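Letter by letter, the chains look like this.
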Amino acid sequence: MDSRDSNLYQRANIIRSIRDFFVSKGFLEVETPQRIPANAPEEHIEPFRSGERFMHTSPEICMKRLLCRGHGKIFQICRCWRSDERGRRHVPEFTMLEWYRTHSDYRDLMVDCEELLAWVAEACQTAGKMPDKNRLDGWFEKAQRITVREAFARFAATDMETAVRNGSFDELMVTAVEPALPQGAPVILMDYPAAVAALARLKPDDPAVAERFELYAGGLELANGFSELNDPVEQRLRFEAANRTRLELGSAPLPLPEPFLRELAAMPPSAGIALGVDRLVMLCTAAERIDDVLAFTPEEL
Amino acid sequence: MYTVADLKKGLKITLDGDPYLVIAFDFTKPGKGQALYRTKMRNMINGTILDRTYRSGETFEPASLEERQMEYLYKEGTHYTFMDQQTYEQVVMEEDAMGDAKNYLLENLKVDVLLFGEKAIGVTLPNFVNLRVVQTDPWAKGDTSGNDSKPATVETGYVLRVPPFIEEGELITIDTRTGEYSTRVKG
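Keep in mind it's a predicted model, so treat the numbers as computed, not measured.

Here we look at the sheet that holds strand β5 (residues 49–55) of chain B
Step number 1: Taken together, the 6 strands give an open sheet; going across it, the order is β1-β6-β2-β3-β4-β5 (chain B), and neighbouring strands pair in antiparallel fashion. The outermost strands of the open sheet, each flanked by one partner alone, are β1 (2–3) and β5 of chain B.
Step number 2: Where strand β2 (residues 12–15) of chain B meets strand β3 (residues 18–28) of chain B, 4 bridges bridge the pair, whose relative direction is antiparallel. Bridge assignment links B:T14 to a residue of β3(B), and that residue is B:P19.
Step number 3: Along the sheet, helix α6 (residues 169–180) of chain A makes contact with β3, β4 (36–43) and β5 of chain B, crossing β4(B) at roughly 60 degrees.

As structure tokens, then:
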């Protein structure tokens, strides 16, 4: 059996351990529709059309509507679709883990992340199929927390505010900040500029940044979480702003998820996060390419 | 015209008037951010390595490259002249662009010349060429020093190690990929 086929066993084992983790913490596993009338419009995420509807780019809209209906702790493992994304760490159809908790903020999610990584590392190490067992030892440690502002000050030639203003934020993140992040223990990059956090709540004592964070492990961007914005008026403004930017970039504006906007006022203060399961499997199997952890790549179909 | 979606290892594009070969390529997309296409490429004329990051919507000119069989005619200063036997068209290549090829060029040798537009930017030789030894010391009979090779100069001026039994005036075959002695040509 080649490494790609043995990775399928690891993948199944990891997905089982994710389920065990959330069930043990009292989360309800949900399944929400994947073909929906509207996603949250984003500047740089292209949904696939499916007839009159869209394939979801993330289950966030439906999952937050469940929070509005009174569910407190929910998780979902599902396929998501994003057009035009293909590379060493990207496929257009991929597996996402999302979880949400009410009466919580992004700091609670950070703790969830640390506990989840330790749980998954434990499951991989006891499964006995890992050639290099010590590789995931760092996942049992507390994640190192660095603010985005601090990371730009330390690793990039430009400060965060200037980078956002002159449009070099993404490029510096990829070329200067990410390669310099500490390896070993997981890293939490937190407090993103408000301009790049369309669905996140602003930080009360520093409204220039939003309560958004990204989880990195082994240098790989693994998850993106935030304290959810639950102000429907502000949320509509941000969606409309995203659509204006899309127009400027030459992309078609997208319809707004109206039922979500109607119900949002009923959402308690909440936090939610999306984690790329394929990438988690890549890290656990030391795979260089996302292709190595998939049953089939899009090109093989 | 290429778009960022065409970028991959091995793609040849024109940039600032020079042909470049893409030698490494990575698609990245920081969380919620824009797609970035990070490329590393090598200038096919002077070998310089360049790192460039592109965004969606950017386009590239393909490098118009053509390989043609030509015959080596002569050298003048640092210029090497080749001729297409079919069209009698001549091209001149600078010594810098020749690389090691100049060690093996004898008049009338047929080679593949790489053309970028009108400009000759590289030459591919046959894997093996025969050259005559013009200078090498005779093998001292009974030499017990243990040396199993000695230096020899061939007619192009190139110096390489050959087995001790090779004598001046002999024709030898050289592997142009390694620059090493291959066999003695009998007769």
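Additional details are given in the paragraphs that follow.
Topic: the sheet that holds strand β14 (residues 159–162) of chain B
Residue and element names in this part refer to chain B.
Step number 1: The strand order β14-β13-β12-β15-β16 describes an open sheet built from 5 strands, whose pairing is antiparallel. For this open sheet the edge positions go to β14 and β16 (180–185), each flanked by a neighbour on one side alone. The sheet shows a mean angle of 50 degrees between the axes of neighbouring strands, taken without regard to direction.
Step number 2: Where strand β12 (residues 128–136) lies against strand β13 (residues 150–154), 3 bridges are found, and the strand directions are antiparallel. Paired with V133 across the strands is V154, a residue of β13.

Here's the deal with the side chain of B:T39
Residue and element names in this part refer to chain B.
Step number 1: Tracing the chain through its elements places T39 in strand β4.
Step number 2: Among the residues examined, T39 registers a relative accessible area of 5% and is labelled buried.
Step number 3: Not counting chain neighbours up to four residues away, the residues in contact with T39 comprise L7, A24, F25, L50, D51, R52 and Y54.

Section: the nonpolar core
Step number 1: With 49 residues, the main nonpolar core has A:I18, A:L97, A:W99 and A:W139 as its most contacted residues.
Step number 2: Residues contacting A:W99, with those up to four places away along its chain left out, are A:F22, A:F27, A:I74, A:F75, A:L109, A:D112, A:C113, A:L116, A:A271, A:G272, A:I273 and A:L275.
Step number 3: Among the nonpolar cores identified, the runner-up in size contains 28 residues, and B:V91, B:V113, B:A120 and B:V154 belong to it.

Some remarks on the pattern of salt bridges
Oppositely charged side chains can form a pair if their charged atoms are brought close together.
Residue and element names in this part refer to chain B.
Step number 1: One pass over the structure, following the stated rule, counts 37 salt bridges over all chains.
Step number 2: In this structure, R68 and E66 form a salt bridge, with 3.8 Å as the shortest nitrogen-oxygen distance.
Step number 3: Look at R68 and you get buried, because its relative accessible area is 17%.
Step number 4: Under the relative-accessibility criterion, E66 is labelled partly exposed at 38%.
Step number 5: R68 is the partner of D84 in a salt bridge, and the nearest nitrogen-oxygen pair spans 2.8 Å. One end of the pair, D84, is in the loop between β8 (79–83) and β9 (90–94); the other, R68, is in strand β7 (residues 65–76), with 16 residues separating them in the sequence.

Concerning the pairing of strand β11 (residues 220–227) of chain A
Every regular strand shows the same layout, with side chains that alternate between the two sheet faces.
All names here are of chain A.
Step number 1: Buried residues dominate β11, accounting for 8 of its 8 residues.
Step number 2: As defined by bridge partners, β11 adjoins strand β12 (residues 270–276) across 5 bridges and the pair is classed as antiparallel. Within β12, the position partnered with G225 by the bridge is I273.

Quick notes on the interface of chain A and chain B
Step number 1: Chain A puts 23 residues into the contact, and the matching count from chain B is 13 residues.
Step number 2: For the pair chain A and chain B, the interface holds 4 salt bridges.
Step number 3: For B:K32, the salt bridge identified is with A:E42, shortest N-O distance 2.7 Å.
Step number 4: Counting across the interface, chain A meets chain B through 7 residue pairs in polar contact (both at pLDDT 80 or more).

Calculation notes
Residues numbered from 1 in each chain as written. Chains lettered and ligands numbered in written order. Predicted model: local features only at pLDDT ≥ 70, side-chain atom pairs only at ≥ 80, totals over all residues. Heavy atoms only, no water. Pairing = 2+ DSSP bridges. Helix = DSSP H or I, 4+ residues; strand = E, 2+ residues; numbered from the N terminus. Contact = heavy atoms within 4.5 Å. Axes fitted to C-alpha atoms, helices over the stretch in contact; angles between N-to-C directions. Buried < 20%, exposed > 50% of the residue type's maximum accessible area, 1.4 Å probe, protein only. Core = buried A, V, L, I, M, F, W, Y, C linked by side-chain atoms within 4.5 Å. Salt bridge = Lys/Arg side-chain N within 4 Å of Asp/Glu carboxyl O. Polar contact = N/O pair within 3.5 Å; in protein donor to acceptor, adjacent residues only side chain to side chain.

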